[in-house]
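Analysis of the macromolecular model
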Number of protein chains: 2
Amino acid sequence: MVCNEIRKDYLMNRWVVIATERSRRPTDFVKSKADSAKEKVCPLCVGNEALTPQAVLLYLNEKGKIIKDADNHQPRKKNWIIRVVPNLYPAFSYPLDGSCNVDRRAVNLVNAVGHHEVLVESPNHDEDLSSTKLEQLINLINAYIDRLDTLGSKPYVKHVAIFRNYGKEAGASLTHAHSQIIAMPILPRVIKEEIKASRNFYDKNKKCVFCEIIENEKKGPRLIFQNSGFVVFAPYASIQPLEFWIFPKKHNSTLLALTKSEKNLFAESMKKSLSALRVLVNDPPYNYGFHISINKKTQKYYHWHLEVYPKLSIWAGFEKSTGIYINTVPPEIAALELSKTIKKIG
Amino acid sequence: MVCNEIRKDYLMNRWVVIATERSRRPTDFVKSKADSAKEKVCPLCVGNEALTPQAVLLYLNEKGKIIKDADNHQPRKKNWIIRVVPNLYPAFSYPLDGSCNVDRRAVNLVNAVGHHEVLVESPNHDEDLSSTKLEQLINLINAYIDRLDTLGSKPYVKHVAIFRNYGKEAGASLTHAHSQIIAMPILPRVIKEEIKASRNFYDKNKKCVFCEIIENEKKGPRLIFQNSGFVVFAPYASIQPLEFWIFPKKHNSTLLALTKSEKNLFAESMKKSLSALRVLVNDPPYNYGFHISINKKTQKYYHWHLEVYPKLSIWAGFEKSTGIYINTVPPEIAALELSKTIKKIG
């Protein structure tokens, strides 16, 4: 039972999950500074399944065939190639049955109803998305879609965030290859702002603003890679060095309807661009996050995509007190170098 | 001559300074990862004044008396106690004389006209704001005010950001005690959003929303410290563990009019709260930034303050793709521990 709160700033449209249940004492940070020791036992490795909650989704390798299953009986299965489990310390998981005994309904406050899951991307601890087999990347995409479908259908879920933190500096607390999925009861600011702007553009121009952005960037100096289904480019106002976005050419607000061949093309785009990043900057930490709208009304004007943020700089006092970023690598240079690297790798 | 651009995102009200002049090659990040060697010579220490540009403001200790001066003749003075110099790699400093030879006027683009300065807070390399003498803190506040006054009066300046990065993890690239000042030609998103919300509140209620917040927080579980002039509290929706804000009780949109005794009370508030943070979490990295409005029209409803962000967590894929934060220390607990520590230190 986790009775977390989502609080809004006094003035700004800025929300924060206050993890009252998972809460740490201020002095905990002193210890965590001292012992940066490695995990001794990886809770996400094969054989250690008992260290995490029961799986909500498993892809099993049954004699070469991939079988979808849930881990709903003992003994826990070990032949998985993808495993999704509830996060032991969920940011979102407020019970709907009233068992949180404080009435937290107030202005500037929402209960943190939802789900927080860890998607183990491979049985191999060090599996890297830039060198993994295309088939495993497609398994990963399928697992994202499966969880998005299940969680996005729940009546109390307004948004599903699918994201990946790679490397300690990018916030990964476990080193085993994994993504995270958070289903939440509010529409987050970033998605809300994108939806609003793209709806306004659609009302005025009767077309998708993202489709227009793709058309422009395909022809310009910020293009990194494209195949018949996807475009990878460095956005005009990249807020981080070497940032890039992956867009499907086919208009859709969510990735639920991807065809088999589109998944292939998406996996290729991910693999090529993440490999180039890895080679160019010597395996840097990074974050990526899907931008998806699960609201069917937005289908006409919202366009899903994946944003990749290499962690090569620190947001400091200036960024925090103004909301303005400083990027020391112009996206045109980032795109040139990344695209050259993709060609070099072949 | 620095011809940087400020670019706006395709859709969102999100701006970034693209440092085209200071720009780094992507491969630079590989090197900087390898050699995290310390500075050999500190460019901010006494005796090394020639390593930085000529000062725009000096506070000199002339036989115990503090004299304000600019470093406008050789030899460069060495008896300074505060020294403000232009940043060698300014984010903002686009020349107004047309010498940037590209016409960059376009939609979603502003030239990065302005100033970017480094304020050396003390001749002592390791001077710490939590242990420095109150007199030196008041010198620092006076220097902030002097630069704010000068830069804020320039016709092309819409906002002055005064901020401090302490510790490498918080983005400080130099270890010598220093703050930074950036004068810019746009009103940043954070300040704009605060101004808009506080103006709306004022129009409806004929009072300052910040004054009301202060009244409430003074009485509540998030109060950390107060004296006759200032209140320190952990904000209701703190986005970082142990975050705290320092507010003047007297309503004002900017700190230009602070009296001598108010500066004393502000210095005391800073010193007490920063000391508590240092003691409680073993000298953590942090950022702070002033929230100021230099537009006289906002005087009635905007209320200046200082926001302090201890750097005890990492904003990762979730934060970047949603704009929602997760904070594992409830502000009520942060306030309790910080206020207890203040009492203990005495």
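Model, not experiment: these values are computed from the prediction. (Residues numbered from 1 in each chain as written. Chains lettered and ligands numbered in written order. Predicted model: local features only at pLDDT ≥ 70, side-chain atom pairs only at ≥ 80, totals over all residues. Heavy atoms only, no water.)

Remarks on the layout of surface pockets
Rolled over the atoms, a probe with the dimensions of a water molecule shows which regions are left empty. The computed volume of the second largest pocket comes to approximately 740 Å³. Sorting the residues of the lining of the second largest pocket by element identifies α3 (189-205) of chain A together with α3 (189-205) of chain B as the ones contributing at least two each. Examining the composition of the lining of the second largest pocket, we find that 9 residues originate from one element, α3(A), more than from any other. Partitioning the lining of the second largest pocket into residue classes produces 8 nonpolar, 4 polar and 11 charged. Viewed by domain, the lining of the second largest pocket spans two of them, domain 1 (5-32 + 39-187) and domain 2 (190-345) of chain B, each represented by three or more residues. (1 Å grid on protein atoms, 1.4 Å probe; cavity = no way out; pocket = protein on both sides within 12 Å on 5 of 7 lines; lining within 4 Å. Points joined across faces, edges and corners; volume = space filled by probe spheres on them. Helix = DSSP H or I, 4+ residues; strand = E, 2+ residues; numbered from the N terminus. Nonpolar A, V, L, I, M, F, W, Y, C, P; charged D, E, K, R; others polar. Domains from an automatic or database assignment.)

Some details on helix α7 (residues 331-345) of chain A
Taking 1.5 Å per residue as the helical rise, α7(A) with its 15 residues ought to reach 21 Å, and the 21 Å between its terminal C-alpha atoms agrees with that figure. Along α7(A), the positions that sit buried rather than exposed are A:Pro331, A:Ala334, A:Ala335, A:Glu337, A:Leu338, A:Ser339, A:Thr341 and A:Ile342. At its buried positions, α7(A) is contacted by β10 (223-226), β12 (244-248) and α5 (260-280) of chain A together with β1 (5-8) and β2 (15-18) of chain B. One or two residues past the end of α7(A) sits A:Gly346, with phi positive at roughly 80°. (Expected span 1.5 Å × (residues − 1). Buried < 20%, exposed > 50% of the residue type's maximum accessible area, 1.4 Å probe, protein only. Contact = heavy atoms within 4.5 Å.)

Description of the relation of the copies chain B and chain A
Its rotation angle being 180°, the transformation that places chain B on chain A also includes 0.0 Å of axial translation and leaves an RMSD of 0.0 Å. Overall, the copies show the geometry of a two-fold rotation axis. Counting the interface residues of chain B, we find that 100% of their copies in chain A are interface residues as well, pointing to one common contact surface. (Least-squares fit on C-alpha atoms with pLDDT ≥ 70 in both.)

Concerning the packing of helix α2 (residues 134-152) of chain B against helix α5 (residues 260-280) of chain B
Residue and element names in this part refer to chain B. In contact at an axis separation of 9 Å, α2 and α5 are set at 110° when each is read in the N-to-C sense. For the element pair α2 / α5, the angle class is roughly perpendicular. Here α2 runs over α5; the crossing is right-handed. Here Leu 134, Leu 137, Ile 138, Ile 141, Asn 142 and Ile 145 of α2 lie close against α5, whose contacting residues are Lys 263, Asn 264, Phe 266, Ala 267, Glu 268, Met 270 and Lys 271. Classifying every residue of the contact of α2 with α5 gives 8 nonpolar, 2 polar and 3 charged. (Axes fitted to C-alpha atoms, helices over the stretch in contact; angles between N-to-C directions. Parallel < 35°, antiparallel > 145°, perpendicular 65-115°, else oblique. Left-handed = near helix turned anticlockwise from the far one by under 90°.)

Some words on unusual backbone geometry
Phi at A:Lys63 is positive, roughly 50°, even though this residue is not glycine. The phi angle at B:Asn282 is positive, at roughly 60°, despite the residue not being glycine. Checked against the element boundaries, B:Asn282 lands in the loop between α5 and β13 (286-291).

Let's talk about the sheet that holds strand β10 (residues 223-226) of chain B
Residue and element names in this part refer to chain B. Spatial ordering of the open sheet is given by β4-β3-β5-β7-β9-β8-β13-β14-β12-β11-β10, a layout of 11 strands whose pairing is antiparallel. On the outer flanks of this sheet lie β4 (65-69) and β10, each paired with one strand and no other. The average undirected angle you get between the axes of adjacent strands in this sheet is 20°. Sheet analysis places strand β8 (residues 159-166) next to strand β9 (residues 178-184), joined by 5 bridges and oriented antiparallel. Looking at the pairing, Phe 163 lines up with Gln 180 of β9. Across the face of the sheet, helix α4 (residues 209-219) comes into contact with β10, β11 (230-233), β12 (244-248) and β14 (305-310) while running at roughly 70° to β11. (Pairing = 2+ DSSP bridges.)

Examining the packing of aromatic side chains
Residue and element names in this part refer to chain B. One pass over the structure, following the stated rule, counts 40 aromatic pairs over all chains. Judged by centre distance (4.7 Å) and plane angle (55°), the rings of Trp 315 and Tyr 325 are tilted. A residue pair is termed long-range when its members are at least 10 positions apart, and Trp 315 in the loop between β14 and α6 (317-322) and Tyr 325 in strand β15 (residues 325-327) qualify at 10 residues. Judged by relative accessible area, Tyr 325 falls into the buried class, the value being 13%. (Phe/Tyr/Trp six-rings, centres within 6.5 Å; stacked < 30°, edge-to-face > 60°.)

Some words on the sheet that holds strand β11 (residues 230-233) of chain A
Residues and elements named next belong to chain A. One open sheet holds the 11 strands; their spatial order is β4-β3-β5-β7-β9-β8-β13-β14-β12-β11-β10, and the pairing between them is antiparallel. Since the sheet does not close on itself, it has two edges, and those belong to β4 (65-69) and β10, each with one partner. In this sheet, adjacent strand axes meet at a mean angle of 20° when their direction is disregarded. Pairing of strand β7 (residues 115-120) with strand β9 (residues 178-184), which is carried by 6 bridges, proceeds in the antiparallel orientation. Bridge assignment links Val 120 to a residue of β9, and that residue is His 178. Contacting β10 and β12, α7 runs over the sheet at an angle of about 35° to β10.

Section: the side chain of A:Asp9
Summarising the element assignment, A:Asp9 is placed in the loop between β1 (5-8) and β2 (15-18). Setting aside chain neighbours within four positions, we find A:Asp9 in contact with A:Arg14, A:Asn108, B:Ala237 and B:Trp245.

Quick notes on a positive patch on the surface
On the surface, A:Lys196, A:Arg199, B:Lys196 and B:Arg199 cluster together into a patch of positive charge. Mapped by element, the contributors of at least two residues to the positive patch are α3 of chain A together with α3 of chain B. Assignment of secondary structure puts A:Lys196 in helix α3. Residue classification places A:Lys196 among the exposed residues on the basis of a relative accessible area of 51%. (Patch = residues over 30% accessible without salt bridge, like charges linked within 9 Å, V, L, I, M, F, W, Y side chains within 5 Å. Areas by Shrake-Rupley, 256 points an atom, 1.4 Å probe, with all protein chains shown as cover. Salt bridge = Lys/Arg side-chain N within 4 Å of Asp/Glu carboxyl O. Lys, Arg positive; Asp, Glu negative; His and termini not counted. Charge placed at Lys NZ, Arg CZ, Asp CG, Glu CD.)

Some details on the domain arrangement of chain A
The figure often quoted for interface size is the accessible area lost as the parts come together. Residue and element names in this part refer to chain A. With domains assigned, chain A is organised as domain 1 (5-189) and domain 2 (206-345). Placing a centre on the C-alpha atoms of domain 1 and another on those of domain 2 gives a separation of 23 Å. Counting from both sides, the interface comprises 30 residues of domain 1 and, opposite them, 25 residues of domain 2. Carbon and sulfur atoms make up 64% of the area that domain 1 and domain 2 hide from each other, which totals about 2400 Å². (Buried area = accessible area lost by both parts, 1.4 Å probe.)

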